[in-house]
Amino acid sequence: MSAIALSPALGTAPARPGWFTQTGQVLRRWSIVSIRQAWGPVMSLIQPVIWILLFGQVFRTLGALPAFGGHGYIDYLVPGILMMTVLYSGAWAGTGYIDDIDSGVMDQYLTSPLRRSSIIAGQLLQQLAITVLQSLVVLGIGWLGGARYPGGVGGVLVALGVATLLATIFCCASTAVALVSRSQIALISLSQLIVLPATFLSTTMMPAAAMPEWVQNVSRGNPMTWAVELGRGGLTGSYPAEGWWQAGGLVLLAVLAFGWALSAIRSYQRSI
């Protein structure tokens, strides 16, 4: 009788790891991939070096215009380049999922007991870690180029936090597009179609007062402008009056983007 009573226990499946454990496993896997292919994040820093050290110096005299509030152009430019670097990196985040789909890794993920939210969150955390490191490098390059950050350490942390929110939005959106399109060409084409207008229809390189009226109107509703203005406010120590609703808008978009990515991976699973 005792043997019969014990048999169900012997056949019980091992306990399913918790969400944090599963997310950590996915994070570890993507971190190893990043270390093995470190040239990608490193090469992505070439562009901000060019923008800050070359573009910033060529147009340095723009800082004397009243629209810049008496600050040097390099001081104005660095927060914009910071967010632009985050934007471009985030827009390419979905390429890793397409590689996983082509290699069959994604199918192995979806037949495992991993929670779908852990798959998304683990890769996102890895991307955000890279974002923070890239952001610190960009700020360091800006400092070497002559930019100064009166907002101090607290302001730098605010800028990093805003950059992380912007990265979350575009990483998750890129993930969703990758899982829906399953095509590198489609993802890259759509990314280019979005990131360039998002950059130039914002206050990344020019204050709103120096832009045409229609560009000013568009830039007010551009999340890139929200992030740039908040990051610039943190670094200078002077936050925009509309900073609270801009921060709230970024948080809302980040939540919606994560939900979109989660919905996309579930749709992908149903389609295979």
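Here's what I pulled together on the structure shown here. (Residues numbered from 1 in each chain as written. Predicted model: local features only at pLDDT ≥ 70, side-chain atom pairs only at ≥ 80, totals over all residues. Heavy atoms only, no water.)

The subject of this paragraph is the pattern of salt bridges. Counted according to the given criterion, the structure contains two salt bridges. When the shortest N-O distance is used, the salt bridge between Arg29 and Asp100 registers 2.8 Å. Of the two residues, Arg29 sits in helix H2 (residues 19-36) while Asp100 sits in helix H6 (residues 95-103), which places them 71 residues apart along the sequence. Close ionic contact of Glu229 with Arg232 constitutes a salt bridge, the shortest N to O distance being 3.2 Å. With Glu229 and Arg232 both in helix H12 (residues 223-236) and three residues apart, the pair spans about one turn of that helix. Exposure remark for Arg232: the relative accessible area of 7% places this residue in the buried category. (Salt bridge = Lys/Arg side-chain N within 4 Å of Asp/Glu carboxyl O. Helix = DSSP H or I, 4+ residues; strand = E, 2+ residues; numbered from the N terminus. Buried < 20%, exposed > 50% of the residue type's maximum accessible area, 1.4 Å probe, protein only.)

Time to look at the packing of helix H9 (residues 152-181) against helix H10 (residues 184-200). Interaxial distance between H9 and H10 falls to 9 Å at its minimum, and their mutual angle equals 145°. Note on packing geometry: the crossing formed by H9 with H10 is right-handed. Mapping the contact onto sequence places Phe170, Ser174, Val177, Ala178 and Ser181 in H9 and Ala186, Leu187, Leu190 and Ile194 in H10. (Axes fitted to C-alpha atoms, helices over the stretch in contact; angles between N-to-C directions. Left-handed = near helix turned anticlockwise from the far one by under 90°. Contact = heavy atoms within 4.5 Å.)

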